[in-house]
There are 2 protein chains.
Amino acid sequence: MLAEIITIGDEILIGQIVDTNSAWMAKELNKIGVRVKQISSVSDDKEHILKALAEAAARAKVIFITGGLGPTKDDITKKTLAEYFGVGMMEDKDALENVARIFAKYNRPLLEVNKLQAQVPANCEIILNKNGTAPGMWFNHDGVIYVSMPGVPFEMMYMMEDGVIPKLKNTLTLPSIIHKTLLTVGEGESFLAERIADIEDALPPYIKLAYLPKLGQVRLRLSAFGDDVALMQKGVDEFAGKIIERIGRVFVVAEDIPLEKAILNKMAEKGLTLSVAESCTGGYLSHLFTQHAGSSKVFFGGGIVYSYELKEHILGVKPETLAAFGAVSEQTVKEMVEGALLNFKSDFAISITGIAGPDGGTEDKPVGTVWIAVSGMGKLLVKKYTFGNKRQQNIERSAVTALSMLNTLLTDVAD
Amino acid sequence: MLAEIITIGDEILIGQIVDTNSAWMAKELNKIGVRVKQISSVSDDKEHILKALAEAAARAKVIFITGGLGPTKDDITKKTLAEYFGVGMMEDKDALENVARIFAKYNRPLLEVNKLQAQVPANCEIILNKNGTAPGMWFNHDGVIYVSMPGVPFEMMYMMEDGVIPKLKNTLTLPSIIHKTLLTVGEGESFLAERIADIEDALPPYIKLAYLPKLGQVRLRLSAFGDDVALMQKGVDEFAGKIIERIGRVFVVAEDIPLEKAILNKMAEKGLTLSVAESCTGGYLSHLFTQHAGSSKVFFGGGIVYSYELKEHILGVKPETLAAFGAVSEQTVKEMVEGALLNFKSDFAISITGIAGPDGGTEDKPVGTVWIAVSGMGKLLVKKYTFGNKRQQNIERSAVTALSMLNTLLTDVAD
């Protein structure tokens, strides 16, 4: 079953917001065997929206539309849909009640402009929006299903989970897709490809292999398409097994999860705990861990030690060390990791100190110079890296590299 | 000048990665007066790519293509472009030298598969990729420019900045677009719209107003299109001034910058410093600050105090307080913010403690219960919030709400 996603709104086209909705929707749809053929972002412009709808309807059986449902004048999705379907607008009772309920909940007066939120094209079925005033809309027109939802991510997400996905399952006869993802770290895409070339050549036609590189990691995704789920699962498992055996230690986990989640899972299984001392990554590494439910079983927390004073106060880094070698040095990063283990009392700790840029570089220590230490159970890894001159990338690379080092240390401890 | 962006790769369509490239490209293009008409994400499928190229060429004069340039078998962009243009492939000398240079830099052997990276369609001009082996490609075909770049964000970003944008400026005669964005916090989209309805109605036809809501904030974006830059700038400034005067204290700053950056700027101007004590936000708030260059002028750092022990050790929260009232309580959040001010010696501090979920909720304190305190210069704001039951949203809302509270406190201090 093919679907398309159309996101409506100038804010994506001028780059003011990143479209995170589409990836989330595509992932959820894949789980139920709906494959997204194309994602199109178009402007708040009637003719453009009409054209995009017609193009998508020629390619797919289900079309998801997000955005342009707000109460303000630049939001034209509803009227455009009514024109596309050749129907008028009507007030929906349930949608109006929902608007009134939400305004009552927040003790705000219900303005006339808010009541307009309950006006919908006459041929639609309403999908309740628990978290906002714009109703979702379901249309079945000439054999194609159209679902229009708000662009605010959490409104759309609840609506998909509670209303749209169950309704799709009831309405459609869905074929199957099986994905299996192997997370690897520390080896480039082309080297992996060379090492498993013969396995890739031997893949049956119903299985596809994709390489998804991202900052020092490569995900290998095997995807099987068809109707015989047992055969598909067997094929995917068999080839995944062959690849895992071949690539050896660069393999981390056979799940489509982020590296830090794989580490949290490993550590939770073994009852190990972790803390951090972050300087140049400024909380990003902690955020990677703590975004995951259940991270508190493993992750105690740590210090964001941007200033010299906090390195001393929170971690006990010696002022003499900072004075003699500077904050970005092997000596400091070691004292940081030791300070984290000692003060935060975790089994393992990570420390990172570097120059994220764009300022603060010197000839000796240019922007992108980063020291990372990981330590625990009597083992210590310390390494200096020279990344690039983009701040955000230095932050992300430092964090991912630290994760990779911790993964290595954990593997060594387990062996 | 209209452009389109086509991203190629199944990984976006199955939701494995979020397309951050397009937003970044759109933003950079807007700055030079190139307006993105549509963004399309299509699969690694020859027919689909050919169709998307033809559709885009019918609407726009410049087409940017990202992705599908890796050395592995699922990457088919180059061959498909050659077929689209009706040309053969050739080896490019500069591209091959670049591949050799990069492999030499990392001391890795140059495999045959890597040399394939230097094979490009015969009608292209190479754009150097300093950070990777896949060259960028520039085509001029039937009056339309096509630019193909790697999908790896930082490779694409460098290539755009160093090669593509300068070349576009030299090649095209560009019209002008002016945007002015007003950041507001604490008032909903429809209330703002109601308050400025008459100003919006009086906008001249060359100026458009858009509302961009996001987690408690609404950006009001005025966009002017045309050739008379002076007139456009005057019009935009005049209407921005009227809106700012009307909306009063919900207005934060007349720049398209994030709320935390506006706060950093305000504090830097006044020489004020900040630290944090984060529990349920787990580093996310610190990351918001530290992602910005120059944040170290204002931001000292702080504690990620996920565990009871770290709340006590780093911040000096009393064990009796935790035992009597729990970690998620008014008493604890106050001791946390006081502990941050005392121990980290900043002018202002933020503390956050709550239940991000999905586990850990009780009847008294359901998932989504969050206490936030901001304090400094003798002032203190403490407030309890009840957000929803989605972890990531609770983290983001807590951080943004804390920022909003700090903004209020800073405004009060300044008044």
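Residues numbered from 1 in each chain as written. Chains lettered and ligands numbered in written order. Predicted model: local features only at pLDDT ≥ 70, side-chain atom pairs only at ≥ 80, totals over all residues. Heavy atoms only, no water.

To continue, consider the pattern of salt bridges. As enumerated under the stated definition, the model contains 40 salt bridges over all chains in all. Between arginine 249 of chain B and aspartate 412 of chain B there is a salt bridge, with its nearest N and O atoms 3.0 Å apart. In this pair, arginine 249 of chain B sits in the loop between helix 10 (229-247) and strand 12 (251-253) while aspartate 412 of chain B sits in helix 16 (residues 391-414), placing the two residues 163 residues apart along the sequence. On the accessibility criterion, arginine 249 of chain B (53% relative accessible area) is exposed. Between lysine 334 of chain B and glutamate 330 of chain B there is a salt bridge, and its shortest N-O distance comes to 3.8 Å. Of this pair, lysine 334 of chain B and glutamate 330 of chain B both sit in helix 15 (residues 330-344), four residues apart, which is roughly one turn of that helix. When its relative accessible area of 30% is taken as the criterion, lysine 334 of chain B is described as partly exposed. Taken together, the shared-partner salt bridges connect Glu4 and Arg59 of chain A together with Lys51 and Glu55 of chain B into one network. (Salt bridge = Lys/Arg side-chain N within 4 Å of Asp/Glu carboxyl O. Helix = DSSP H or I, 4+ residues; strand = E, 2+ residues; numbered from the N terminus. Buried < 20%, exposed > 50% of the residue type's maximum accessible area, 1.4 Å probe, protein only.)

Quick look at the relation of the copies chain A and chain B now. Rotating chain A by 180° and translating it 0.0 Å along the rotation axis places it on chain B, where the RMSD comes to 0.0 Å. What we have between these two chains is a two-fold relation. (Least-squares fit on C-alpha atoms with pLDDT ≥ 70 in both.)

Looking now at unusual backbone geometry. Residue and element names in this part refer to chain A. Note that the residue after glycine 357, namely proline 358, is joined by a cis bond; omega there is 0°. Here proline 358 shows up in the loop between strand 15 (348-354) and strand 16 (369-376). For aspartate 142, which is not glycine, the phi dihedral falls at a positive 50°. In this model, leucine 215 sits at a positive phi of 45°, which is unusual for a non-glycine residue. Position of leucine 215 among the secondary structure elements: in the loop between strand 10 (207-214) and strand 11 (217-226).

Residues and elements named next belong to chain B. One way to put it is that helix 2 (residues 21-31) packs onto helix 7 (residues 153-171) with a least axis distance of 11 Å and a crossing angle of 20°. Relative to helix 7, the element helix 2 lies roughly parallel. In this structure, the crossing between helix 2 and helix 7 has a hand that is right-handed. Contacts from Asn21, Trp24, Met25, Glu28 and Leu29 in helix 2 reach Pro153, Met156, Met157, Met160, Glu161, Ile165 and Leu168 in helix 7. Broken down by class, the residue content of the contact of helix 2 with helix 7 amounts to nine nonpolar, one polar and two charged. (Axes fitted to C-alpha atoms, helices over the stretch in contact; angles between N-to-C directions. Parallel < 35°, antiparallel > 145°, perpendicular 65-115°, else oblique. Left-handed = near helix turned anticlockwise from the far one by under 90°. Contact = heavy atoms within 4.5 Å. Nonpolar A, V, L, I, M, F, W, Y, C, P; charged D, E, K, R; others polar.)

Let's shift gears to the sheet that holds strand 6 (residues 125-127) of chain B. Strands sit in the order 6(A)-7(A)-8(A)-3(A)-1(A)-2(A)-2(B)-1(B)-3(B)-8(B)-7(B)-6(B) across an open sheet of 12 strands; the sheet is mixed. Sheet topology places strand 6 (125-127) of chain A together with strand 6 of chain B at the edges, where each strand pairs with a single neighbour. In this sheet, adjacent strand axes meet at a mean angle of 20° when their direction is disregarded. The sheet contact formed by strand 7 (residues 136-141) of chain B and strand 8 (residues 144-149) of chain B spans five bridges and is antiparallel. The residue of strand 8 of chain B that forms the bridge with asparagine 140 of chain B is isoleucine 145 of chain B. Sheet strands touched by helix 7 of chain B: strand 3 (62-66), strand 6, strand 7 and strand 8 of chain B. Its angle to strand 8 of chain B, the strand with the most contacts, is close to 165°. (Pairing = 2+ DSSP bridges.)

Moving on to the domain arrangement of chain A. Residue and element names in this part refer to chain A. You can read the domains of chain A as domain 1 (2-171), domain 2 (176-253) and domain 3 (259-414). Here the C-alpha centre of domain 3 lies 31 Å away from the C-alpha centre of domain 2. Listed by partner, the interface residues are eight residues for domain 2 and 11 residues for domain 3. Carbon and sulfur atoms supply 65% of the area buried between domain 2 and domain 3, which totals about 740 Å² over both sides. One can count one residue pair in polar contact (both at pLDDT 80 or more) joining domain 2 with domain 3. If you list the elements that add at least two residues to the side of domain 2 that touches domain 3, you get strand 9 (176-185), strand 11 and strand 12 (251-253). Across the side of domain 2 that touches domain 3, the residue classes break down as five nonpolar, one polar and two charged. (Domains from an automatic or database assignment. Buried area = accessible area lost by both parts, 1.4 Å probe. Polar contact = N/O pair within 3.5 Å; in protein donor to acceptor, adjacent residues only side chain to side chain.)

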